[in-house]
Amino acid sequence: MEINNISFSYDKKNDQLKSVTSEIVKGKITTIIGPNGCGKSTLLGVMSNNYAPHTGQVVLDGKELNMYKTKELAKKLAVVHQSNEAPSDLTVEKLTSFGRLPHRTLFAQERKEDEEAIEWALTCTNLQNKRAKTLQQLSGGERQRVWIAMAIAQRTSILFLDEPTTFLDIYYQIEILELIKKLNVDHGLTIVMVLHDMNQAIRYSDRLLVMKNGQLFMEGAPHDIMTESMIKSVYGVDVIVKHDQDTGLYMVPVGI
Ligand SMILES: Nc1ncnc2c1ncn2[C@@H]1O[C@H](COP(=O)(O)OP(=O)(O)OP(=O)(O)O)[C@@H](O)[C@H]1O
């Protein structure tokens, strides 16, 4: 996916994205980081054709995003949004099956291919035993896995996740990030996610897009770009960057 000179405004006065140019590399995990309000979710929204940029274009597989029909794009790209709501009486299996809608025609019966995709999604997310449960019977971590199951049941090669670990305790955060990694390594999904935790971003990403004030401030491999001066410029926070033989690169905030 190519992101070519994207500018976007919600109110047609101030640009929330300013001339953003980048590339999402196939088969890699790319994480968008940056301070609150810098435009991470907005960029994800433009990259999934939710918002139309007023300049520039996003090109997926050689075709501009706005040239795709909704269903056609939904066969290539799935999104797990920041907050999700569903009627509380729907079961895990039913919600997961909604991921198949782009592949079905009106009134069509579920086909073998749909059943297989749903089973695959439930297995990947370890929800087979929870399939008959409703959302309100699940923990926050399990609920997040249901939204991921629904998205991957779409069987796309690209998966976007906006802050997938928010509101989860550290155990469930790691569980979700390990699941995302597995989807990337074992199933070849191209991942683009937004994260706030920089140490998790370093650990789970091949590439980082660092945003500041609606602009792409820097991009590259975590080891190349995560420096004390970069964090200070972007977040205004003093950090110490450490290299550990076992855990790799990590950073410790020391003040503002
Ligand atoms: N629907 C909207 N209408 C108008 N302005 C919006 C809308 N959504 C976001 N904004 C504004 O656009 C800017 C970028 O917001 P965005 O949500 O993309 O930032 P973010 O980096 O994802 O923030 P956070 O880390 O807090 O989730 C902010 O100034 C925000 O107030």
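Looking at an unreviewed UniProt entry, the protein carries the name ABC transporter ATP-binding protein, with the source organism given as Paenibacillus violae. Annotation of the protein in UniProt includes, under Subcellular location (unreviewed entry), the sentence "Cell membrane".

Undergrad: Which residues make up the domain arrangement of the protein, and what values go with them?
TA: If you check the domain split of the protein, you get domain 1 (1–76 + 157–173 + 184–256) and domain 2 (77–155). Here the C-alpha centroids of domain 1 and domain 2 sit 25 Å apart. Contacts between the two partners involve 24 residues from domain 1 and, on the opposite side, 22 residues from domain 2. Of the roughly 1700 Å² buried between domain 1 and domain 2, counting both surfaces, carbon and sulfur atoms make up 59%. Of all residues in domain 1, Lys-71, Ala-74 and Lys-75 bury the most surface against domain 2, accounting for 24% of the area lost on that side. Counting across the domain 1 and domain 2 interface gives zero salt bridges.

Undergrad: Summarise the side chain of Ser-48; cite the residues concerned and give the values.
TA: Structurally, Ser-48 can be placed in the loop between helix H1 (40–47) and strand E4 (55–60). Among residues more than four places away in sequence, those in contact with Ser-48 are Leu-65, Leu-73, Leu-77, Val-79 and Phe-160.

Undergrad: Could you give an account of the pattern of salt bridges, with specific residues and numbers?
TA: Summed over the entire model, instances satisfying the criterion amount to 14 salt bridges. With a shortest N-O distance of 3.4 Å, Glu-142 and Lys-130 are connected by a salt bridge. Of this pair, Glu-142 sits in helix H5 (residues 140–152) while Lys-130 sits in the loop between helix H4 (112–124) and H5, placing them twelve residues apart in sequence. When its relative accessible area of 12% is taken as the criterion, Glu-142 is described as buried. Relative accessible area serves as the criterion here: at 27%, Lys-130 is assigned to the partly exposed category. Taken together, the salt bridges that share partners define one network made up of Arg-100, Arg-111, Glu-113 and Asp-114.

Undergrad: Tell me about the sheet that holds strand E5 (residues 63–64), and please be specific about residues and values.
TA: With antiparallel pairing, the four strands of this open sheet are ordered in space as E2-E1-E4-E5. In this open sheet, the two strands that pair with only one neighbour each are strand E2 (17–23) and E5. Examined bridge by bridge, strand E1 (residues 2–8) and E4 share four bridges and lie antiparallel to one another. Across the sheet, the residue bridging to Asn-4 is Gln-57, located in E4. Set on the sheet, H1 makes contact with E1, E2 and E4; between it and E1 the angle comes to about 120 degrees.

Thresholds, definitions, all that
Residues numbered from 1 in each chain as written. Predicted model: local features only at pLDDT ≥ 70, side-chain atom pairs only at ≥ 80, totals over all residues. Heavy atoms only, no water. UniProt positions renumbered as here; feature names shortened; annotations may be inferred. Domains from an automatic or database assignment. Contact = heavy atoms within 4.5 Å. Buried area = accessible area lost by both parts, 1.4 Å probe. Salt bridge = Lys/Arg side-chain N within 4 Å of Asp/Glu carboxyl O. Helix = DSSP H or I, 4+ residues; strand = E, 2+ residues; numbered from the N terminus. Buried < 20%, exposed > 50% of the residue type's maximum accessible area, 1.4 Å probe, protein only. Pairing = 2+ DSSP bridges. Axes fitted to C-alpha atoms, helices over the stretch in contact; angles between N-to-C directions.

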